[in-house]
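If you want the building blocks of each chain, they are given just below.
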Amino acid sequence: MSTPVMQTGNIVMGVANLDRLMPMHLLVDARGLIRHVGPTLAKVLPLPDMVGQSFLRAFALRRPRKIRSITDVRENEGVKIHVRLHDEHATQLVGTAVCLPGEGMVLLNLSFGISVVEAVARYGLAGSDFPATDLTLELLYLVESKSAAQAASGQLSTKLRGEKDAAVARAGSDMLTGLANRLSLNEVLHRLISRRMPFALVHLDLDHFKAVNDTLGHAAGDHVLQEVSRILLEETRADDTVARVGGDEFVLVFPGLTERALLLTIAQRMIFRLEQPFDFRGEPCRISASIGMVESTLYARPVAEQMLEDADIALYASKYGGRAQATFFEKAMAGGEGHAAGREDVILSDLADGNEAAV
């Protein structure tokens, strides 16, 4: 790859100078691939060489919520963007992006913000890793001027607090999609049940997702999962919960909503949007979704585990019925035989289509 050069108007700047002025920057091309990384940012990325890798492999876009891809970043040039590193620390960064003329390249300049002291200790950074005009240097010098005992005590306290916060963040969210995970889902369900608030639980499983992985690779599968997550968030309310609980399985919780007609409309709308092909590097990725739904009002005393099991039964009724549809759980389904038959028929259907027995 040729060395990127930033050019605007009468100003031409090679990456060596760009590295000196903005050591926490990166250049991302129109396909979302990282083309260059500033020297300081390179020290904190989760892999030693991220050039040529997808931007979303290294970062999760957190805020604004409407920004989910590099295309969104390009369309919101100059907006303050919050991202999170896909590493064990889940480090938060803030920055802004500008579009470079010519090849659709995006220049994104990042900063640790107010967590710079913790980041310096965490990644072993020094004053030489920041530009001379950066106020970070002044802050670091103030920190270093403290006594050894005060510094050791403060750093230990900060490290423990940071590690606790990072552990909580990692434990409660899915690394690839940023959605809630099973732990967060369980907390939501038990909170709603303890408060006796009515709610609906929706179990969604992607159809034909394995074919995308098998034919286009896991990068395409990751892209599809991120796009599915975006659609599910767009089709739900701010107070709803969207969780990824398996490779291609999602559970949605709708507090205060048990009206079947409305739930069915939401489910059908999600299925319709998920059936539109997703583009991945010029290749269409085609999937669909099967859905099982259950309302807490079906039970005298709802139990989270039972509701999840019943939603799973309804889900496999949808798969047995031909996929790409939504089914409500009925107590008549709870005998178990219908559930097992549903799983068996789906597996047999996959084998007949030439796929492995995985749904």
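Everything numeric in this text was worked out from a predicted model, so none of it was measured.

Q: Quick one: what's the story with the pairing of strand S6 (residues 81-85), residue by residue and with numbers?
A: Of all the 5 residues making up S6, 4 are buried; the element is thus mostly covered by neighbouring parts of the structure. Alignment of strand S5 (residues 59-63) against S6, held across 4 bridges, turns out to be antiparallel. Pairing of leucine 61 across the sheet is with valine 83, part of S6. Between the end of S6 and the start of strand S7 (residues 92-99), which pair antiparallel, lie 6 residues, with alanine 90 showing a positive phi angle near 50°.

Q: Give a description of helix H9 (residues 209-216) that names residues and reports values.
A: Among the residues of H9, those classed as buried are Phe209, Val212 and Asn213. Projection of H9 onto a plane perpendicular to its axis shows the buried side chains occupying an angular sector of 95°, all on one side. Opposite the packed face of H9, turned more than 90 degrees from it, sit the exposed residues Asp214 and Thr215. Looking at the residues trailing H9, positive phi occurs at glycine 217, about 100°.

Q: So what about the sheet that holds strand S15 (residues 326-328)? Which residues, and what values?
A: Across the sheet, which stays open at both edges, the 5 strands sit in the order S10-S11-S9-S14-S15 with mixed pairing between neighbours. Edge positions in the sheet fall to strand S10 (241-244) and S15, since each has one partner strand and no second. Averaged over neighbouring strand pairs, the angle between their axes works out to 20° when direction is ignored. Here strand S9 (residues 199-207) runs beside strand S14 (residues 288-295); their pairing, made up of 8 bridges, is antiparallel. Counted as the bridge partner of histidine 203 is glycine 292 from S14. Where helix H12 (residues 304-320) meets the sheet, its contacts fall on S9, strand S11 (249-255), S14 and S15, and the angle it forms with S14 comes to roughly 140°.

Q: Describe the pattern of salt bridges, with residues and values.
A: All told, the structure shown has 16 salt bridges when counted by the stated rule. Note that arginine 244 is salt-bridged to aspartate 174, the shortest N-O span being 3.1 Å. Here arginine 244 is found in strand S10, whereas its partner aspartate 174 is found in the loop between helix H7 (148-172) and helix H8 (182-194), with 70 residues between them in sequence. A salt bridge links arginine 260 to glutamate 295; the nearest nitrogen and oxygen atoms lie 2.6 Å apart.

Q: Explain the sheet that holds S6 to me, and be specific about the residues and the numbers.
A: On the basis of which strands lie adjacent, the open sheet formed by 6 strands has the order S4-S3-S8-S7-S6-S5 and antiparallel pairing. Looking at which strands have only one partner, the edges of the open sheet turn out to be strand S4 (34-37) and S5. On average, each strand axis in the sheet is tilted by 30° relative to the strand beside it, whichever way the strands run. In this structure, strand S3 (residues 25-28) lies alongside S4, joined through 3 bridges in antiparallel fashion.

Q: Hey, could you go over unusual backbone geometry for me, with residue numbers and the actual values?
A: In this structure, proline 64 follows arginine 63 across a cis peptide bond, with omega equal to -5°. Mapped onto the elements, proline 64 comes out in the loop between S5 and helix H4 (70-75). Positioned with a positive phi, arginine 196 is a non-glycine residue whose angle comes to about 60°. Here arginine 196 lies in the loop between H8 and S9. Overall, the relative accessible area of 78% leaves arginine 196 in the exposed class. Of note, the phi angle at histidine 208 is positive, near 70°, even though the residue is not glycine. Looking at the secondary structure, you find histidine 208 in the loop between S9 and H9. Classification of histidine 208 by relative accessible area gives partly exposed; the value is 41%.

What counts, and where the lines are drawn
Residues numbered from 1 in each chain as written. Predicted model: local features only at pLDDT ≥ 70, side-chain atom pairs only at ≥ 80, totals over all residues. Heavy atoms only, no water. Buried < 20%, exposed > 50% of the residue type's maximum accessible area, 1.4 Å probe, protein only. Helix = DSSP H or I, 4+ residues; strand = E, 2+ residues; numbered from the N terminus. Pairing = 2+ DSSP bridges. Arc of directions from axis to C-beta. Axes fitted to C-alpha atoms, helices over the stretch in contact; angles between N-to-C directions. Contact = heavy atoms within 4.5 Å. Salt bridge = Lys/Arg side-chain N within 4 Å of Asp/Glu carboxyl O.

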